[in-house]
Amino acid sequence: MDRPAVPLIALTAATLLAAGLAAPAATAAQAATRAQTTTTATTTTATTAAATATAAATAAAADVNVLKNAGFESGLSNWACSAGSGATVSSPTHGGAAALKATPGGQDNARCTQTVTVKPGATYTLSAWVQGGYAYLGATGTGTTDVSTWTPDSSSWKQLTTSFKAGPSTTSVTVYTHGWYGQSAYYVDDVSVFGPDGGGGTDPEPGIPAAPSGLAVGATTSSSVALSWSGVSGATGYNVYRGGTKVQSVTGTSATVSGLAADTAYDFQVSATNAAGESPRSATVSGRTAPTGGTGPGPAVPKHALTGYWQNFNNGATVQKLRDVQAQYDIVAVSFADSTATPGQIVFNLDPAVGYASVADFKADIAAKKAAGKSVIISVGGEKGNVTINSDASATAFANSAYALMQEYGFNGVDIDLEHGINSTYLTKALRQLSAKAGSGLVLTMAPQTIDMQNTGTEYFKTALAVKDILTVVNMQYYNSGSMLGCDGKVYSQGSVDFLTALACIQLEGGLAPSQVGLGVPASTRGAGSGYVSPSIVNAALDCLTRGTNCGSFKPAKTYPGLRGAMTWSTNWDATAGNAWSNAVGPHVHNLP
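Source: prediction; values computed, not measured.

Trainee: An account of the sheet that holds strand E5 (residues 112–117) is needed here, citing residue identities and associated values.
Mentor: Spatial strand order, E2-E5-E10-E7-E8: five strands in an open sheet with antiparallel pairing. Looking at strand neighbours, the two that pair on one side only are strand E2 (80–81) and strand E8 (147–151), the edges of this open sheet. Examined bridge by bridge, E5 and strand E10 (residues 172–178) share six bridges and lie antiparallel to one another. Across the sheet, the residue bridging to Thr115 is Thr174, located in E10.

Trainee: Residue-level account of the packing of aromatic side chains, with values.
Mentor: Tallied over the full model, the rule gives 20 aromatic pairs. Between Phe348 and Phe411 the ring centres are 6.2 Å apart and the planes differ by 85 degrees, which places this aromatic pair in the edge-to-face class. Separated by 63 residues along the polypeptide, Phe348 in the loop between strand E23 (346–347) and helix H4 (359–371) and Phe411 in the loop between helix H5 (392–409) and strand E25 (413–418) bring together distant segments of the chain. For the pair Phe348 and Phe411, one class covers both residues: buried. Each ring, one from Tyr478 and one from Phe499, has its centre 6.1 Å from the other, and the planes form 80 degrees; the classification is edge-to-face. Of this pair, Tyr478 sits in the loop between strand E27 (473–477) and strand E28 (484–485) while Phe499 is found in helix H8 (residues 497–509), placing the two residues 21 residues apart along the sequence. Using a relative accessible area of 1% as the deciding quantity, one classes Tyr478 as buried.

Trainee: Outline the environment of Trp129, supporting the account with residue identities and numerical values.
Mentor: Along the chain, Trp129 turns up in strand E6 (residues 123–132). On the basis of relative accessible area, Trp129 is assigned to the partly exposed category, the value being 24%. C-alpha of Trp129 to C-alpha of Leu160: the two residues are 31 residues apart in sequence and 6.2 Å apart in space. Look past the residues within four positions of Trp129 in its chain and what remains in contact with it is His94, Trp157, Lys158, Gln159, Tyr187, Val188, Asp189 and Asp190.

Trainee: Tell me about the environment of Pro514, and name the residues and values.
Mentor: The residue Pro514 is located in the loop between H8 and strand E30 (517–522) in this model. In this structure Pro514 comes out as partly exposed when scored by relative accessible area, which is 27%. Each C-alpha atom, one on Pro514 and one on Leu545, is 9.5 Å from the other, the two residues being 31 residues apart in sequence. Leaving out residues up to four positions away in the same chain, Pro514 has contacts with Leu508, Tyr560, Gly562, Leu563 and Arg564.

Trainee: Tell me about unusual backbone geometry, and name the residues and values.
Mentor: The peptide bond linking Ser91 to Pro92 adopts the cis configuration, its omega dihedral lying at 0 degrees. Within the secondary structure, Pro92 is located in the loop between strand E3 (86–89) and strand E4 (99–102). In this chain, Trp569 is followed by Ser570 through a cis amide linkage whose omega measures 0 degrees. Structurally, the position occupied by Ser570 is in the loop between strand E31 (565–569) and helix H10 (571–576).

Trainee: Help me get a handle on the sheet that holds strand E21 (residues 331–335), residues and values and all.
Mentor: An order of E20-E21-E24-E25-E26-E27-E30-E31 is seen for the eight strands of this closed barrel, with the pairing classed as parallel. The sheet shows a mean angle of 25 degrees between the axes of neighbouring strands, taken without regard to direction. Sheet topology note: the E21/strand E24 (residues 375–382) ladder contains five bridges and is parallel. Residue pairing for E24: Ile331 is matched across the bridge by Ser375.

Trainee: Go over the nonpolar core, please, and point to the residues and values.
Mentor: Residues Leu322, Phe362, Phe398, Phe411 and Ile416 are the most contacted members of the largest nonpolar core, which totals 93 residues. With nine residues, H8 is the largest single contributor of residues to this core. Residues contacting Phe411, with those up to four places away along its chain left out, are Val334, Phe362, Ile366, Val376, Ile377, Ile378, Leu405 and Met406. Counting 29 residues, the second largest nonpolar core, distinct from the first, contains Ala102, Ala110, Val118 and Ala128.

Reading the values: rules and limits
Residues numbered from 1 in each chain as written. Predicted model: local features only at pLDDT ≥ 70, side-chain atom pairs only at ≥ 80, totals over all residues. Heavy atoms only, no water. Pairing = 2+ DSSP bridges. Helix = DSSP H or I, 4+ residues; strand = E, 2+ residues; numbered from the N terminus. Phe/Tyr/Trp six-rings, centres within 6.5 Å; stacked < 30°, edge-to-face > 60°. Buried < 20%, exposed > 50% of the residue type's maximum accessible area, 1.4 Å probe, protein only. Contact = heavy atoms within 4.5 Å. Axes fitted to C-alpha atoms, helices over the stretch in contact; angles between N-to-C directions. Core = buried A, V, L, I, M, F, W, Y, C linked by side-chain atoms within 4.5 Å.

Dropping the structure here:
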């Protein structure tokens, strides 16, 4: 089903300035000047100089952050967001374990406010770290001149800074953040209103954080083990221990311990830290490095690859056996696995409609494809798929059952094509458990819908980034979509070069490597309800992204020659159309720079 077009509100610097929404940020020198005490004393005696220095130090020491719950570690406590637009999230964060995510609507700019107590006549420096869509920071009710500053959308954290002076009788000021109508969600963290205490005080000094939970082993090589864990409220960093000895300090919730011996088991723990001290250590987990000369550091997928979905059912497209799939395809995703009554567990049931005489015959075709240098993976989800992974138990059930299918049938890995909502926390755990079992040869692909990859705050995008070290490629579905925002904030309609390139740019600039991005399109007009583009449009988009040529009105700021390639639904619909899609797009993909 097509999604309705998203209305675009054109924004210009002149428009924003006219609305009073663009104010210059205070410089570091200005901020420092405000934090000092000015003296007009002219005496040059040592006693007077010492007294002046003491007074300045006392004034500076009195300055505090008068804003409460500045890092959103206590949810939305002390904050109010319009139209229910605000929520706290565990990723992305600038510091600690939480940040604000505020999502504008068509007629709501996701304004979040807090009223702070200030000292009349005092000057305050207002700052915040922001990421995502258009983000604004300001103060109203200052009693002098209200201020604001803003930034366009950003894929990384930026600091906004401005300052205000309280009026001679002003004792409270409202500070705010907001986005822009109909635009992407924005994130805010570590807000500060720094100046003299107006009587409202500040947040108490943080206590020692709790011990981290959820420590899990991810991908392993012959010399390294990847670890991940759940964030801890109030933590600003984490220590990683191997065999009881601290080996790393990191600020995020993952780390790779290297320099290890091959085929050796190691015990790991992590602790959380902040200004107050270090937490107790987590529960111990064990990880074993791969043997020397094992499966190698990564999947055997070509630098530029063509992916095709093979239908384990008959829906009117050409019925194929795997041996019939066009040789241009480097990755063949068998569609689909089936769920069971056990949450997270998957099985595979070969459909008699595809014509195999036996399961052994099907397995032999998988082996033949692999012998020809192809990867055959099992796809999970699809339009009607309903695999639920929302707990530790279901994550383990998925990993165990997926690995069992890999062992039984010879699949190289899995494809995540869930279209009914995912939980990034537990899907990440499931994929990391599977990676620990399968090793570095695991082929892991994803096929999200366009709406699932509009910004880094979506559950799909968060999952892709969380497993980036073991992820092969994300082949987003550029069809059955309707209009969507590109990375330049403009709206593009499906079925064009611009739609492919401007939406791919979001992933490329949002944290995925070019080798982890592919263009997913239907193989024929019958392959999807909408969004079909001719192979020439696909090839033009590939050229635009990798070479900077054959672009439409949107041209990315740089090229991405490492782009992985393209995907289609399906090899069966491609065969129905005489393999026209793979015959045109396959050679083009394989000849990318």
